[in-house]
Amino acid sequence: MTAVSQEPQGASRAAALQATRPGVVLDTHIVLDWLWFADPRVATLAQAVQASRLQWLATADMRDELERVLVRFEAKNSSISKKEQVLTLMDQYVSWIHQPVPRWRFTCTDPDDQKFIDLAVHAQARWLVSRDRAVLKLRTRALAQGCEFRSEEHTSELQSQST
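About the thresholds
- What you see as residue numbers is a count from 1 along each chain, following the sequence as written.
- Side-chain atom pairs in this predicted model are given and counted only at pLDDT of 80 or more, local residue features only at pLDDT of at least 70, and totals for whole chains, interfaces and linings cover all residues.
- Side-chain descriptors were evaluated using all non-hydrogen atoms of the structure, hydrogens and water having been removed beforehand.
- Structural elements are reduced to axes, namely lines fitted to C-alpha atoms, with helices fitted over the stretch in contact, and the angle between N-to-C directions of any two is expressed from 0 to 180 degrees.
- Helix numbering and strand numbering both begin at the N terminus, where a helix is a DSSP run of H or I of at least 4 residues and a strand a DSSP run of E of at least 2.
- Here roughly perpendicular refers to angles of 65 to 115 degrees, roughly parallel to angles under 35, roughly antiparallel to angles over 145, and oblique to all remaining angles.
- Handedness of a crossing is defined here by the sense of rotation of the near helix relative to the far one, left-handed for an anticlockwise turn of less than a right angle and right-handed for a clockwise turn.
- Throughout, a contact is declared for two residues whenever any of their heavy atoms are within 4.5 Å.
- Throughout this entry, Asp, Glu, Lys and Arg are counted as charged residues, while Ala, Val, Leu, Ile, Met, Phe, Trp, Tyr, Cys and Pro are counted as nonpolar. The remaining residues, Gly among them, count as polar.
- Residue exposure (1.4 Å probe, protein chains only): buried if accessible area is under 20% of the type maximum, exposed if over 50%, otherwise partly exposed.
- Any two strands are treated as partners once DSSP identifies two or more bridges connecting them.
- Think of a 1 Å grid over the protein atoms and nothing else: a 1.4 Å probe that fits but is trapped marks a cavity, an open set flanked by protein within 12 Å on at least five of seven lines marks a pocket, and residues with an atom within 4 Å of a point count as lining.
- Grid points are joined across faces, edges and corners, and a volume is the space filled by probe spheres set on the points.

(A) The packing of helix H2 (residues 28-35) against helix H4 (residues 60-77), seen in detail. At a minimum axis separation of 10 Å, H2 and H4 run at an interaxial angle of 55°. Relative to H4, the element H2 lies oblique. Two packed elements cross with a definite hand, and for H2 against H4 that hand is right-handed. For the pair H2 and H4, contact is made by Thr28, Val31 and Leu32 and by Glu65, Leu66, Val69, Leu70 and Phe73, respectively. Per-class residue counts for the contact of H2 with H4 are six nonpolar, one polar and one charged.

Shown next as structure tokens:
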């Protein structure tokens, strides 16, 4: 990672930062909806992150996954500069969690999505935003841990709840 970042040093650091800004974990599809496709369904979420009303939490593994997806997009669309732009924007807005994130006791049926769930619960994020059904079906269990799992259709409410 080449970005200068805000560096929470654990769940307690993330929780302290979230006392002023609620934490949010975004899965790769949501990041792409925002930074690649400019999908209006995530516009309110994007504005809240850009205005520092929400703290976007991520790990290097999440950035690596995004980069792998962007390489495939780039091959299809010949958009090398857009790939770099998306990664630069991620680096600009993310608060990086550098320490290992323990696995949550509930397992997602899609192993690629487990990292988002684990981080959201471990870092005590207020929300995890995903459109993946495998993630969203764990929403009741996550809510018991204080983290609300939402789809992109329900992100407009985050702005009012983040102030």
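(B) Seen up close, the pairing of strand E2 (residues 55-58). The two faces of E2 match: Gln55 and Leu57 on one face and Trp56 and Ala58 on the other face are all buried. Of the pairings in the sheet, the one linking strand E1 (residues 23-26) to E2 comprises three bridges and is parallel in character. Note on E2: the bridge partner recorded for Val24 is Trp56.

(C) Region of interest: empty space enclosed by the protein. Within this structure, the stated rule accounts for one cavity of 30 Å³ or more. Approximately 50 Å³ is the volume found for the largest cavity. Contributing to the lining of the largest cavity are Leu26, Thr28, Val31, Trp56, Ala58, Met62, Leu66, Met90 and Phe116. At the level of elements, H2, E2 and H4 are the ones that each hand at least two residues to the lining of the largest cavity.

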